Amino acid sequence: MSRLLTRRRLHRPADCLLLAAILVAYLALSVTYTLASPLYEPTDEIRHFRYVRHLISYRELPVQRADARAQSHHPPLYYMLGALATGWIEIPEEVYYEPPINPYWGYRYWEVSDDNKNQYVHGDGEQFPFHGITLAVRIVRGMTILIGCGVVWLTYRIGRELAPGCRAVAAGAAAMVALNPQFLYLSGAVNNDVPAALCSAAATLVCIRLIRGGPRLGADITLGVLYGLALLTKFNLAALLAPIGLAYLLSFWRSRNWKAALRGVAVVLGITVLLSGWWFWRNWMLYGDPTGMSKVNELWSGREPSENWWNLWQSLPYLWSSLWGRFGYGQ
């Protein structure tokens, strides 16, 4: 035990230096990406930022409407953080204002080119020193970059948990996240995908520790809080229930302590309902379904999920390319 502790202490400086190098590379590249990306050009950035502005201006959650296009169907946690970070900035523009549109913009997401890919006309008001609405967008983008740091750090910790004797696994995993062009691009934009990645990575880390160490009340409470916050970040993270359930199943299989496993599941679900249940109840009252997706389909002329299976195979090449890098409005 003494030799093991000594070895771990010797490894800590190397761990810190390696992780610091990856984080510095991530910060340098994500800042470069965000400075090179004009305002509102990342996919749906203007609608994400309208959500933040709505919270600041009206001090209430936005409701999905055809005449107020925002990402109003998303849960509010990320946007509340953005509102806290930028609420002090005076912005003369109306919440749902539209920047000057590029009349020559051609949206052909399947086409690789550098011609007229900007949706909007950009002027000197977006240049440094930033002020007004430009400053607000830049601050929320900076907040997203910092959240991305957390994703990289958690990925490193997951690698160390899975392969405690091999730093290369943790470093390789963290570097794959930190140096992925699409992750860098999204980290430098206003969106809730990077916070969703943070919630997913945190829940994954706790699940791994749960499997290795068995059910514990502290882990149960942590997972409940993380899952509740995840559902307040992005509804897609409801899928985290599968790895959480698997973690409890495997921990029970190892410890044969079914009472602790059942208690853990009850604690996780109970805390989740306490933290995020109100959001689903609000959607039910407003739109008639707990997710609010029926209203999204109505406003955006979307299809029912059952009608989209035919499009899955056709979309695989786009899915693959968007994993690595599609900038602008999906090009």
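One can find the structure itself at the top, above this paragraph.
Residues numbered from 1 in each chain as written. Predicted model: local features only at pLDDT ≥ 70, side-chain atom pairs only at ≥ 80, totals over all residues. Heavy atoms only, no water.

Our next topic: helix α3 (residues 77–86). Buried within α3 are the following residues: Tyr-78, Tyr-79, Gly-82, Ala-83 and Thr-86. Projected down its long axis, α3 shows its buried positions confined to an angular sector of 140°, all on one face. Elements in contact with the buried residues of α3: α2 (45–58), α4 (132–162) and α7 (193–213). (Buried < 20%, exposed > 50% of the residue type's maximum accessible area, 1.4 Å probe, protein only. Helix = DSSP H or I, 4+ residues; strand = E, 2+ residues; numbered from the N terminus. Arc of directions from axis to C-beta. Contact = heavy atoms within 4.5 Å.)

Glancing now at the packing of aromatic side chains. Inspection of the entire model under this criterion finds 10 aromatic pairs. Judged by centre distance (6.3 Å) and plane angle (80°), the rings of Tyr-40 and Tyr-120 are edge-to-face. Of the two residues, Tyr-40 sits in the loop between α1 (2–36) and α2 while Tyr-120 sits in the loop between α3 and α4, which places them 80 residues apart along the sequence. Each of the two residues, Tyr-40 as well as Tyr-120, counts as buried. For the pair Trp-278 and Trp-279, a centre-to-centre distance of 6.0 Å together with 80° between the ring planes defines the contact as edge-to-face. The exposure class of Trp-279 is buried, given its relative accessible area of 2%. Cluster of aromatic residues (ring-pair linked, three or more members): Tyr-33, Tyr-185 and Phe-327. (Phe/Tyr/Trp six-rings, centres within 6.5 Å; stacked < 30°, edge-to-face > 60°.)

Such coordinate-based values are descriptive only and should not be taken to indicate function.
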